[in-house]
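As a plain string of letters, each chain reads:
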Amino acid sequence: ISVAASPDNTHIATSGYDSTVRLWDTRPGRELLTVAAHVAPAFAVAYSPDGQRLATAGADGGARLWAPATGLLALTLFPGAPSPGFASIVFSPDGQRVAAGGVDGVVLVGDAYSGNTELTLPAHTDMIWGLAFSPDGRRLVTTSWDKTTRVWDLATGEELAAYTDHMDMVFGVVWSTDGQRVYVGSDRYTRELDAATGQELRRFYGDGLDVYGVDLSPDGKLLAQGRADGSVALWNVATGEKVR
């Protein structure tokens, strides 16, 4: 269901409907470890920025941190916070916080070392499939099956911007490197939105295919677009032209 690469790109973590998380060596493509992470589908997995922790989110209502070297449980996140399940999870850029998006539309933000909940956001009315901290860690963008994208202030919990004109469910999201824009996968497009206002700036077309995943190259110059047929398209962000 979810794939995450370690910061040094030597390992990949995958999560699946079989409730497990599997770790892979990228060079020979060999499976290193299988973790029985949840008792229901493991919807999401994410590496910490230092690569020393692995966060998982499951349909069983669990959000947990693991040691990727051993597969041992390091921490249970959001203790005592009821949830029918989490569909997404992400670390802040400094690795100090973790945010998890619920199947009920609620976002929990917590301390990545104590696991304690710091902020609860009733962000959406349906499953939250996409989450991303801004580069400075002060804002959070969320996308949902309720067909909206929203930007939040993590100091106050205030909604800063929203885009509500998606025609269908919204999936992947990523920030621009300067924190001024977000790129969102939904319908048959990747939309470029102004993070301050929610205004749509551009569309990158999916060649008639629904767009699920989006990501940027580390320098922010290339946009990767994952489509419903399993293909990936690359776009030049500066020109808006398709590279391949």
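Description of the structure in this document. (Residues numbered from 1 in each chain as written. Predicted model: local features only at pLDDT ≥ 70, side-chain atom pairs only at ≥ 80, totals over all residues. Heavy atoms only, no water.)

## A look at the environment of Pro 68
If you trace the backbone, Pro 68 turns up in the loop between strand E7 (63–67) and strand E8 (72–76). Spatially, the C-alpha atoms of Pro 68 and Thr 34 are 10 Å apart, while their sequence positions differ by 34 residues. Discounting chain neighbours no more than four positions away, the residues touching Pro 68 are Leu 23, Leu 33, Tyr 47, Gly 51, Gln 52, Arg 53 and Leu 54. (Helix = DSSP H or I, 4+ residues; strand = E, 2+ residues; numbered from the N terminus. Contact = heavy atoms within 4.5 Å.)

## Digging into the pairing of strand E6 (residues 54–58)
E6 sits mainly inside the fold: five of its five residues count as buried. Burial along E6 is two-sided: the residues Leu 54, Thr 56 and Gly 58 and Ala 55 and Ala 57 are all buried. Direction of pairing for strand E5 (residues 42–47) relative to E6: antiparallel, over a ladder of five bridges. Note that in E6 the partner of Val 45 across the bridge is Thr 56. The hairpin formed by E5 and E6 contains six residues between the paired strands, and Gly 51 there has a positive phi angle of roughly 75 degrees. Across four bridges, E6 lies against E7 in antiparallel orientation. Among the inter-strand pairings, Thr 56 is bridged to a residue of E7, identified as Arg 64. Once E6 ends, the chain turns through four residues before running back antiparallel as E7, passing Gly 61 with a positive phi of about 90 degrees. (Buried < 20%, exposed > 50% of the residue type's maximum accessible area, 1.4 Å probe, protein only. Pairing = 2+ DSSP bridges.)

## With respect to the side chain of Ser 88
Structurally, Ser 88 can be placed in strand E9 (residues 86–91). Among the polar contacts made by the side chain of Ser 88, one reaches the main-chain carbonyl oxygen of Ile 128 at a distance of 2.9 Å. Contact partners of Ser 88, with chain neighbours within four places excluded, come to Ala 44, Ala 57, Ala 99, Ala 100, Gly 101, Ile 128, Trp 129, Gly 130 and Leu 131. (Polar contact = N/O pair within 3.5 Å; in protein donor to acceptor, adjacent residues only side chain to side chain.)

## Points about the pattern of salt bridges
Between side chains of opposite charge, pairing is possible as soon as their charged atoms come close. A complete count under the given rule lists 15 salt bridges for this structure. With a closest N to O distance of 2.5 Å, Glu 200 and Arg 203 form a salt bridge. (Salt bridge = Lys/Arg side-chain N within 4 Å of Asp/Glu carboxyl O.)

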